[in-house]
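These are the residues of each chain, in order.
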Amino acid sequence: MNSLMQVLSLIELSITTAVICIWVLQKFSPNPFPFAVKLFLVLLIGNVLFWPLGLGMELPLVAYVRGVTGDLSIVLTLLLWSSLLPSSKPTPMAFKFAVAIVAFCFYPFALGLGMIDPYAWGYGSIAFLIAVLVFAVVCALTNWTKGVWIIAIAIIAWAAQWHESSNLWDYLLDPFLAIWALIAFFGMLYRRRRDKARSGYLFRPG
């Protein structure tokens, strides 16, 4: 069973890495890729990453990627995968703000700052699980249905022990998701300050 879960985790990460490669390629393309092309590239790049290529490497390339990144959270994985869908919309800034705040508070305490260890809450804390469910309800009230599904699937994956970790935090948050949210949040603040400065310059008397 463990070997099967290892294979499934490698498949998951190979798809995720392929999606990131497509995102990078899209940045250099003047036109958006059709969904069929994205799907083909996912299958192609994912296969290249999943199977051993020789050259002195006994493991597939994605195994070395996993050795560096570990298992990504289900939330980040599904956000990346869903970005390929034709009807995909930008992730709400409110969600990025919430993730940034949680990460800003979580990681210092989880790394030993203070007497509180929020990481321990992920080992079956009912209060923490209720808090996550409340957050999903807030996503539903703001009409972000995709967020509800993502959180629901993350909880189901944790209950099924999809990854090696048995901690709910590892299914909801990871450093890459936190960095993305923090960059998006501070980028928003910078753009607002820049736009405000430009507005003040344009309407300055004289």
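Residues numbered from 1 in each chain as written. Predicted model: local features only at pLDDT ≥ 70, side-chain atom pairs only at ≥ 80, totals over all residues. Heavy atoms only, no water.

Caption draft 1: Geometry of the layout of surface pockets. Reported here for the largest pocket is a volume of approximately 980 Å³. Looking at the lining of the largest pocket, the elements with two or more residues in it are α1 (2-27), α3 (61-69), α4 (74-82) and α9 (175-202). The element that contributes the greatest number of residues to the lining of the largest pocket is α1, accounting for ten residues. Here the residues of the lining of the largest pocket sort into 18 nonpolar, seven polar and five charged. Of all elements in the fold, only α5 (93-110), α6 (126-141) and α8 (169-172) reach the threshold of two or more residues within the lining of the second largest pocket. A total of eight residues in the lining of the second largest pocket trace back to one element, the largest contributor, which is α5. Its residues assigned to classes, the lining of the second largest pocket shows 20 nonpolar, no polar and no charged. (1 Å grid on protein atoms, 1.4 Å probe; cavity = no way out; pocket = protein on both sides within 12 Å on 5 of 7 lines; lining within 4 Å. Points joined across faces, edges and corners; volume = space filled by probe spheres on them. Helix = DSSP H or I, 4+ residues; strand = E, 2+ residues; numbered from the N terminus. Nonpolar A, V, L, I, M, F, W, Y, C, P; charged D, E, K, R; others polar.)

Caption draft 2: Seen up close, empty space enclosed by the protein. Tallied over the full model, the rule gives one cavity of 30 Å³ or more. Looking at the largest cavity, its volume works out to about 40 Å³. In this structure, the largest cavity is lined by Ser9, Glu12, Leu13, Thr16, Gly70, Asp71, Leu72 and Thr77. With four residues, the top contributor of residues to the lining of the largest cavity is α1. Classifying every residue of the lining of the largest cavity gives two nonpolar, four polar and two charged.

Caption draft 3: Representation of a nonpolar patch on the surface. On the surface, Ile20, Trp23, Val24 and Phe28 cluster together into a nonpolar patch covering about 460 Å² of accessible area. Looking at the secondary structure, you find Phe28 in the loop between α1 and α2 (35-50). Owing to a relative accessible area of 72%, Phe28 belongs among the exposed residues under this scheme. (Patch = residues over 30% accessible without salt bridge, like charges linked within 9 Å, V, L, I, M, F, W, Y side chains within 5 Å. Areas by Shrake-Rupley, 256 points an atom, 1.4 Å probe, with all protein chains shown as cover. Salt bridge = Lys/Arg side-chain N within 4 Å of Asp/Glu carboxyl O. Buried < 20%, exposed > 50% of the residue type's maximum accessible area, 1.4 Å probe, protein only.)

Caption draft 4: Quick look at α5. Taking 1.5 Å as the rise per residue, α5 with 18 residues should run 26 Å; its terminal C-alpha atoms sit 25 Å apart, in good agreement. Within α5 the residues assigned to the buried category are Phe95, Lys96, Val99, Ala100, Ala103 and Phe106. (Expected span 1.5 Å × (residues − 1).)

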